[in-house]
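A structural walkthrough
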Amino acid sequence: MTAKKHTDPFIWLAVSSSIIIIAFILFPLIEMVAQPTFADLIATAKDKEVISSIWLSLYTSGMAALISFLFGTPFAYLLARKNFWGKNFIESIIDLPIMIPHPVVGIAILSIAGQNHWLGQAMSSIGIRIMGSVTGIIVVLTFVGLPFYVNTVKAGFEAIPSRLENVSRSLGASITGTFFRVTFPLAWRSMVVGMIMCTARAVSEFGAVVIVAYHPMIAPVMIYERFTAYGLKYSQPVAVWLIIVCLFLFLLLRIFSVQKKN
Amino acid sequence: MIRIKNLNVELSGFSLHDIDLTVEKGEFFTLLGPTGAGKTVVLESVIGIIPIEQGRIYINNKEVTNLPPEKRDIGIVYQDHALFPHLTVYKNITYGLRYHKVNGKEPGKNLSFIIDRLSLVPLLERSVKHLSGGEKQRVALARALAVDPSVLLLDEPLSALDPNFREDTREILKRLHVETGITVLMVTHDFTEAHFLAQRTAIINNGRIEQTGSIPEVFYKPSTPFVAEFVGMKNIFSAIFNGNKAKAGNLEIKISSNNNNSKKYIAIRPEDIHVSVDKQSLPEHNSIKGIVSKILNHGFYCDLCLKISDVNFTAIIPTNSLINMNLAPGISVYISFDPANVHAI
């Protein structure tokens, strides 16, 4: 005779909540992916405007990730390794771009990049244009993606015991030598994950970009334009291709995260 | 040689006060203290990782107070080994050699000797992730010694090891110290390690050095009640001294020293107290009758707690003796202890 297993009601609650959440996320996406015909998808993939907008999305997001890597890595290291007055305040500043409504980000950037501001005038004098330019898009995407990079890499640095760095320095390595021989080899994976997070966040940005640079058109702006101009049927295939790209990026993220845990 | 003069460190929630310590050239010195006493903070101040408020640090008579860690010529081995997980055993050991080049060549004169002495030859190409605790500690030691530092700092290097590995590694440390003659400052809270390895020791508590001296001095002549308690003197009583007698509560105890003007306490090691049910079999000095109040069995030995007048004594006796004497709480026994073993503090 086998004993009857008793399952706690909380487990049932947890399982049902999980099913609802998964369905909530997947159902609209699956519907959207399933609705365009295969012929529409192929035709969209051949559309030069679509290709160029997706490429621009990837290029500008990739540049945002690269800038985040260059400037965010030393900053994340400082936050992870040093305690200083006002550190909590600085950390909350980093999170600001996550909380601010996206159009407000666009307006904030335009307000310093315009001709009425000394910074805008200075940039203009050396030929840097923000409004309606690829540079402007990269600036916006860096603004929104940077917190994801800094927070991920900071956690990566924090996971490395500082004693390893102490030992390295006692053996004769400088701070720079220690960073490149000990810290970087142990933290590079979190940097890759941070760059993927930053890119993924940047690819999905619309609200801030549409204020700063409607043209040249990145993929989310093109989806919006096709939706308002031609309706759902013409915007869906572009959205599907963008989702595939995002899915690929997040798949990479998961692979790196799992390897890190192992 | 390590000389720490008037070291003061302020950290959030902890500070070191006026640390003065000298470890002579070639000496094996232990810094003993309970958890949170500030032992590791002293080590990390010496190595230059923690900013110091005040004080000076000298290594081989050269002041290093304002030098970065890489210029101090100090090796350190941590309790958790702190091996570089992305490097092999060999690359861990040789990590520091490139920074100690002489005439453009990496120093290697000690390398084979150290690798051989620490029995690391079969492990050299292995990843450090798959080593046992004892092997990891040997690699950490080899890595620190490979660059031939002036002094070696050990931060509880044996605490995380299994008892078997601990004994082996302790022997290795002793042998290496004898063979290399290196100056060692080791932080520990283990008395056995201090007895086995060190020539001198210091006791630290709440960021202050309580006592410095040779091992017998500190363990048998503690200078403060804290040190007495820390080194295992379980019988510490406040006392009024009168010539070669001390009065603890209502109990008059003979002591060997007459010069106790500034002393306030007496302390007796529990193993220095003889216990018997029969008064005749005990030495006459300080022979007192008491009642067993509690017995704490530790396996091969027991803590025997005794109520004598208004004073509570603790004696340590072998469990066999406990069984032979048929002792139990409430039974009367006699204790005695040599006046020479009563320490005035």
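Quick look at the structure, then. Along each chain, residue indices are assigned from 1 in the same order as the chain's sequence is written. Each chain takes a letter, starting from A, and each ligand takes a number, starting from 1, following the order in which they are written. The predicted origin of the model limits local features to residues at a pLDDT of at least 70 and limits the giving and counting of side-chain atom pairs to 80 or more, whereas totals for whole chains, interfaces and linings rest on all residues. Working from all heavy atoms in the structure, the side-chain values ignore hydrogens and water.

The helix and strand tally for chain A stands at twelve helices and zero strands. Starting at the N terminus and walking to the C terminus, you meet the elements of chain A as α-α-α-α-α-α-α-α-α-α-α-α. Dimensions along the principal axes, computed over C-alpha positions, put chain A at roughly 85 × 65 × 30 Å. To sort residues, take the accessible area from a 1.4 Å probe on protein chains only and compare it with the maximum for the residue type: under 20% means buried, over 50% means exposed, and anything in between is partly exposed. Per-residue burial over chain A gives 39% buried out of 262 residues. Contacts spanning at least 24 positions in sequence make up 75% of the contacts within chain A whose residues lie at least 6 apart. Split by element, the accessible area of chain A, about 15,000 Å² in all, is 72% carbon and sulfur. Of the charged side chains in chain A, 19 are positive and 11 negative, and the gap between their average positions amounts to 12 Å. By definition, any uninterrupted DSSP run of H or I lasting at least four residues is a helix, any uninterrupted run of E lasting at least two residues is a strand, and each is numbered from the N terminus. Residues count as neighbours in contact if any of their non-hydrogen atoms are within 4.5 Å of one another. Each accessible area is a Shrake-Rupley estimate made with a 1.4 Å probe; only the visible protein chains count as cover when residues are assessed. Positive charges are assigned to Lys and Arg, negative charges to Asp and Glu, while His and the chain termini are left out of the count. Every charge is mapped to an atom, namely NZ of Lys, CZ of Arg, CG of Asp or CD of Glu.

All names here are of chain B. Of all nine residues making up helix 1 (residues 39-47), eight are buried, and the element is well covered by its neighbours. For helix 1, the full list of buried residues reads Lys-39, Val-41, Val-42, Leu-43, Glu-44, Ser-45, Val-46 and Ile-47. Just beyond helix 1, the residue with positive phi is Gly-48, at close to 95°.

Right, let's get into unusual backbone geometry. Put simply, His-215 of chain A and Pro-216 of chain A share a cis peptide bond, and its omega is -10°. Note on placement: Pro-216 of chain A falls in the loop between helix 10 (207-212) and helix 11 (219-230). Phi is positive for Asn-6 of chain B, which is not a glycine, with a value near 50°. Relative to the elements of secondary structure, Asn-6 of chain B occurs in strand 1 (residues 2-11). The backbone of Asn-206 of chain B sits at a positive phi, close to 50°, despite the residue not being glycine. Positionally, Asn-206 of chain B belongs in the loop between strand 9 (200-205) and strand 10 (208-214).

Time to look at the interface of chain B and chain A. With 25 residues of chain B at the contact, the number on the chain A side is 18 residues. Once two parts are brought into contact, the accessible area they lose, counted with a 1.4 Å probe and summed over both, makes up the buried area. For the pairing of chain B and chain A, the buried interface totals around 1,900 Å² over both sides, and the portion due to carbon and sulfur atoms is 61%. It is Glu-70, His-86 and Tyr-95 of chain B that lose the most area in chain B upon contact with chain A, and together they represent 32% of the buried surface on that side. Counted as salt bridges are all cases of a side-chain nitrogen of Lys or Arg within 4 Å of a carboxyl oxygen of Asp or Glu. Linking chain B to chain A there are three salt bridges. For Asp-155 of chain B, the salt bridge is made with Arg-163 of chain A, and the minimal N-O distance between the two is 3.5 Å. Of all the elements in the fold, those that place two or more residues in the side of chain B that touches chain A are helix 1, strand 6 (74-77) and helix 4 (133-146) of chain B.

A few words on the sheet that holds strand 19 (residues 311-318) of chain B. In a beta sheet, neighbouring strands pair by backbone hydrogen bonds and run either parallel or antiparallel. Residues and elements named next belong to chain B. As summarised here, the arrangement of the five strands in space is 16-20-17-18-19, forming an open sheet in which the pairing is antiparallel. In the strand order of this sheet, the two ends are held by strand 16 (274-276) and strand 19, each with one partner. Here the strands of the sheet are splayed against their neighbours by 45° on average, with no regard to which way each runs. With eight bridges joining them, strand 18 (residues 301-308) and strand 19 adopt antiparallel strand pairing. When the sheet's bridge partners are listed, Leu-304 is paired in strand 19 with Ala-315. When DSSP locates at least two bridges between a pair of strands, those strands are taken to pair. To obtain an axis, a line is fitted to C-alpha atoms, over the contacting stretch when the element is a helix, and the angle between two such axes runs from 0 to 180 degrees between their N-to-C directions.

All names here are of chain A. At a closest axis distance of 8 Å, the pairing of helix 7 (residues 134-158) and helix 9 (residues 175-203) adopts a crossing angle of 145°. Handedness of the crossing formed by helix 7 with helix 9: right-handed. Residues Leu-141, Val-144, Gly-145, Leu-146, Phe-148, Tyr-149, Thr-152, Val-153, Gly-156 and Phe-157 of helix 7 form the contact with helix 9, whose own contacting residues are Phe-179, Thr-183, Ala-187, Ser-190, Met-191, Val-193, Gly-194, Met-195, Met-197, Cys-198, Arg-201 and Ala-202. For the contact of helix 7 with helix 9, the residue count by class is 15 nonpolar, six polar and one charged. For any pair of crossing helices, the crossing counts as left-handed if the nearer helix is rotated counterclockwise from the farther one by less than a right angle, and right-handed if it is rotated clockwise. The nonpolar class holds Ala, Val, Leu, Ile, Met, Phe, Trp, Tyr, Cys and Pro. Asp, Glu, Lys and Arg form the charged class, and all remaining residues, Gly among them, are polar.

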